[in-house]
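Next come the chains, spelled out residue by residue.
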Amino acid sequence: MTKRVVTVWHIGAWNRNFGDWALAYQMHRLLNEQAALRDLHLDFYLVDGQLTHFHSRLVDQMCEEADLVILGGGGCLFHRPEDRSRSGWMFNISLEDLDRITPPIVVYSIGYNRFPYDPNEFPPITAVHLSHLQERAALFSARNTGTRTVMVEKFGLRPETIEVVPDPGIHLFDRPVDVPSRRHGAPVIAVNLAGDRPSFRYPAPAEDNQHLFFGVIKSALHRCASDLGAQVMLLPHLVGVDTDFFAQFADGFPRGSIFSAHEELPFLYPPPGRIMYPHVPFFTNLFRQAEVVLGMRGHSGILSFGAGTKFISLGEHRKLGYFAGDVGLPSEYAIQSIEQSDGAADLVFDKIHGCLEDETYAALLGPALDRQHAILRAFNERVLDVAEENERDR
C-alpha cells in the first residue's frame with residue numbers, strides 16, 4: 001500500500017553538535033515507526049534554527065511546502081545577543097510572520113538552556129514571542145519540568161497547555177560499531193567534557209576554575225585506570241571545543257588506558273557544516289559500550305539514559321538536574337563544582353567507583369526508560385493526529 005506523505009519542516013539546532021543530530025535522527029525514526037501504522041510517512045526538511053533568519057519570503061516557502069512545522073527539541077531557549085534574533089531566542093521570526101504560518105505548529109520538547117554564569121538576560125520580547133507561539137501551536141511541550149516552571153514563572157506562559165515530553169534522544173536506534181583501542185573485559189568509563197563558554201560555565205576566574213575542574217576529573221580517572229583497570233573513553237559532541245585539550249588531558253595515563261572517539265573513529269566526526277545524520281546510530285552506540293558516562297553536555301545524560309548506562313553529571317548547568325529529576329536518576333551522582341583541596345580527586349574517584357558498583361542504579365534504569373518511552377510515544381500519537389487532521393482539512 002502506498003503511504004501518504006506528510007512534509008515536515010523541522011526547525012532545530014542542526015549544525016555541529018552530535019547531541020542535537022541524535023535527537024533529530026531518533027525523533028524521525030520513532031515518528032515514522034508509529035506513522036507507518038497509519039499508512040503515513042513523514043518527510044523531514046531540516047532547517048537550522050540557530051543560523052536561519054525567517055524572513056517573509058522564507059515563511060511563504062514554508063507555508064507552500066510544509067504540511068506540518070515541528071520546532072525542537074533541544075535547548076532552544078537560549079539568548080545570544082550576537083544572533084540579533086528578533087524573538088530573543090533561537091526562533092528568529094517576527095510576530096507578524098509567525099502569525100502568517102499556515103501549517104500546524106508543534107513545539108516539541110524544547111529546553112531552557114541559559115548557562116549558570118551567563119550575564120545575558122532574555123529581552124522583554126522573548127516572553128511576548130513565546131506566549132504568542134503558545135497560542136499559535138497545536139501542541140506545545142517542554143523537555144523537562146524545570147523548563148516548564150521557567151516558562152510559567154519567568155516568561156508568563158499558561159501552564160495548562162505546556163506538556164512535559166522527554167527529549168527523543170532517549171529512544172536509541174543505534175548500530176554496533178567497533179572501537180579498535182577498546183580493551184574488552186575492562187570497564188569503560190566515558191567522559192564528555194565541554195570546552196566552550198568557560199565564562200558561562202564557571203565562576204570567575206573562569207579559565208582557572210575550568211583548569212581546576214578538568215584537572216581533578218583527570219586525576220580521578222587516572223586512578224580509575226590504575227586502581228580499577230578501567231579504560232577511559234573521551235566522548236566529544238563537538239570537534240574542536242570538546243577535543244582540543246585531549247592530548248594534554250590524556251598525558252600521563254597508563255599506556256592503552258585512555259582514547260578519544262574522535263581519534264579512534266574519525267569518520268564519525270565530519271568537518272563543521274557537514275550533515276552528521278548518517279553517523280548518529282554509531283555514535284550513540286558508544287554510550288552502550290560504557291559502564292558509566294560522566295558528562296557536561298545535556299545530551300550526554302540523555303543518550304546515556306537511552307542506552308541504559310549509568311550517568312554522573314558534571315557542572316552546574318541546571319538542565320542536567322532537570323533531566324535527572326524527571327527520569328529518576330539518583331541525585332548523589334552529580335559533580336556540580338570542585339573545591340581546591342588535596343582530597344578533591346579522591347572524592348570524585350569514590351563517586352565514580354560507587355556508581356560502577358551500584359546495582360540499585362543499574363536496576364532502576366530499565367523501568368524508568370520504559371516510563372519515559374511511553375510518554376514520548378503517546379505525544380507522538382498526538383503529533384500524528386495533528387498531521388492527519390490537517391490532511392483532512394486541506
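Below, the structure is looked at part by part. These numbers come from a predicted model, not from an experiment.

## Remarks on the sheet that holds strand 11 (residues 292-295)
Step number 1: Strand order in the open sheet made by the six strands is 10-9-8-11-12-13, with parallel pairing throughout. Each of the sheet's edge strands pairs with one partner strand only, and the pair in question is strand 10 (258-260) and strand 13 (334-335).
Step number 2: Judged from the three bridges that link them, strand 9 (residues 231-234) and strand 10 form a sheet pairing that is parallel. The residue of strand 10 that forms the bridge with Met233 is Phe259.

## Describing the pattern of salt bridges
Step number 1: Inspection of the entire model under this criterion finds 22 salt bridges.
Step number 2: Between Glu121 and Lys154 there is a salt bridge; the shortest N-O distance is 2.9 Å. One end of the pair, Glu121, is in the loop between strand 5 (105-112) and helix 4 (124-136); the other, Lys154, is in the loop between helix 5 (145-153) and strand 7 (163-164), with 33 residues separating them in the sequence.
Step number 3: Under the relative-accessibility criterion, Lys154 is labelled partly exposed at 34%.
Step number 4: Among the salt bridges present, the one from Asp196 reaches Arg197, with a minimum N-O distance of 3.2 Å.

## Details of helix 2 (residues 56-65)
Step number 1: All of the buried residues in helix 2 are Leu58, Val59 and Met62. Considered in projection along helix 2, the buried side chains sweep an arc of 100° and stay on one side of the axis. Residues of helix 2 that are exposed and angled more than 90 degrees away from the buried face: Arg57 and Glu64.
Step number 2: At its buried positions, helix 2 is contacted by strand 1 (4-12), strand 3 (68-71) and helix 3 (95-99).

## Some remarks on the packing of helix 11 (residues 298-307) against helix 12 (residues 318-327)
Step number 1: The contact between helix 11 and helix 12 brings their axes to 9 Å, and the two run at 20°. It follows that helix 11 is roughly parallel to helix 12 by the angle criterion. Read as a crossing pair, helix 11 and helix 12 show a hand that is right-handed. Only Lys319, Leu320, Phe323 and Val327 of helix 12 make contact with helix 11, whose side of the interface consists of Gly298, Gly301, Ile302 and Phe305.
Step number 2: Considered class by class, the residues forming the contact of helix 11 with helix 12 number five nonpolar, two polar and one charged.

## Topic: helix 11
Step number 1: In terms of residue burial, helix 11 counts as a mostly covered element, since 10 of its 10 residues are buried.
Step number 2: Positive backbone phi, approximately 70°, marks Gly308, located one or two places after helix 11.

Cut-off values and rules
Residues numbered from 1 in each chain as written. Predicted model: local features only at pLDDT ≥ 70, side-chain atom pairs only at ≥ 80, totals over all residues. Heavy atoms only, no water. Pairing = 2+ DSSP bridges. Helix = DSSP H or I, 4+ residues; strand = E, 2+ residues; numbered from the N terminus. Salt bridge = Lys/Arg side-chain N within 4 Å of Asp/Glu carboxyl O. Buried < 20%, exposed > 50% of the residue type's maximum accessible area, 1.4 Å probe, protein only. Arc of directions from axis to C-beta. Contact = heavy atoms within 4.5 Å. Axes fitted to C-alpha atoms, helices over the stretch in contact; angles between N-to-C directions. Parallel < 35°, antiparallel > 145°, perpendicular 65-115°, else oblique. Left-handed = near helix turned anticlockwise from the far one by under 90°. Nonpolar A, V, L, I, M, F, W, Y, C, P; charged D, E, K, R; others polar.

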